[in-house]
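Read off the chains here:
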Amino acid sequence: MKVISVGVVDKANYPQSQSYPITIKWIEYGFLIGFVLSIGVLLIRFILDDTIKTSEDVEKYLGLSTLAVIPKISDSNNKKKYYGNYGKGKSKRRKRV
């Protein structure tokens, strides 16, 4: 196969904007899909959660009364009450004379 003549029919026109991929649109879709999936996972975890969290749950689901409740320690300042000055250097004990 021989090519006899080659010529330019029209000059190429440069596009005014990017045709594909439209990155802003795909970023928005990604955030939207991620948000919907995360809400779905949270709802499923909430619905399927069957743990007993309070003494009222024990009475409601098991029909038993609670004898004692262990308090939850959440504040870091409360650790001083339970652990004293362990590992802090000087001891505050009084020396025996």
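Look up a bit, the structure's there.
Here the structure is a predicted model, which means the values were calculated and not measured.

(A) Region of interest: the overall build of the protein chain. The helix and strand inventory of the protein chain stands at three helices and zero strands. Classification of the 97 residues of the protein chain by burial places 2% in the buried group.

(B) How the structure looks around the packing of aromatic side chains. Enumeration over the complete set of coordinates arrives at one aromatic pair. Seen from their ring centres, Trp-26 and Tyr-29 are 5.6 Å apart, and the 85° between their planes marks the pair as edge-to-face. Placement of the pair is Trp-26 and Tyr-29 together in helix 1 (residues 23-48), with a separation of three residues, close to one helical turn. For Tyr-29, a relative accessible area of 41% translates into the label partly exposed.

(C) Spatial organisation of the pattern of salt bridges. Throughout the structure, instances matching the rule amount to one salt bridge. Of the charged contacts in the structure, one is a salt bridge between Lys-53 and Asp-49, with a shortest N-O distance of 2.6 Å. For Lys-53, a relative accessible area of 57% puts it in the exposed group.

(D) Geometry of helix 1. The end-to-end C-alpha distance of helix 1, which contains 26 residues, comes to 37 Å, matching closely the 38 Å that a straight helix rising 1.5 Å per residue would cover. Burial analysis of helix 1 places just zero of its 26 residues in the buried class, a small minority of the element.

(E) A look at the environment of Thr-54. Note on placement: Thr-54 falls in the loop between helix 1 and helix 2 (55-62). On the basis of relative accessibility, which here comes to 36%, the residue Thr-54 falls in the partly exposed class. In sequence terms Thr-54 and Val-69 are 15 residues apart; their C-alpha atoms lie 8.9 Å from each other. Looking at Thr-54, its side chain comes within polar contact range of the side chain of Glu-56, at 3.3 Å.

Basis of the calculations
- Here the residue numbering is sequential within each chain, running from 1 through the sequence in written order.
- Thresholds applied to this predicted model are a pLDDT of at least 70 for local features of residues and 80 or more for the giving and counting of side-chain atom pairs; totals over whole chains, interfaces and linings are not thresholded and use all residues.
- Based on all heavy atoms of the structure, the side-chain values leave hydrogens and waters out of the count.
- Note on conventions: DSSP H or I runs of at least 4 residues are helices, E runs of at least 2 residues are strands, and numbering of each starts at the N terminus.
- Relative accessible area decides the class of each residue, using a 1.4 Å probe on protein chains only: under 20% of the type maximum gives buried, over 50% gives exposed, and in between gives partly exposed.
- Side-chain rings of Phe, Tyr and Trp (the six-membered ring for Trp) are treated as a pair once their centres are within 6.5 Å; stacked means planes under 30 degrees apart, edge-to-face means over 60, and tilted covers the remaining angles.
- Just to be clear on terms, a salt bridge is a Lys or Arg side-chain nitrogen sitting within 4 Å of an Asp or Glu carboxyl oxygen.
- What a helix is expected to span follows from its residue count: subtract one and scale by 1.5 Å.
- Polar contacts, as used here, are pairs of N or O atoms within 3.5 Å; protein pairs need one atom able to donate a hydrogen and one able to accept it. Residues neighboring in sequence count only if both atoms are side-chain atoms.

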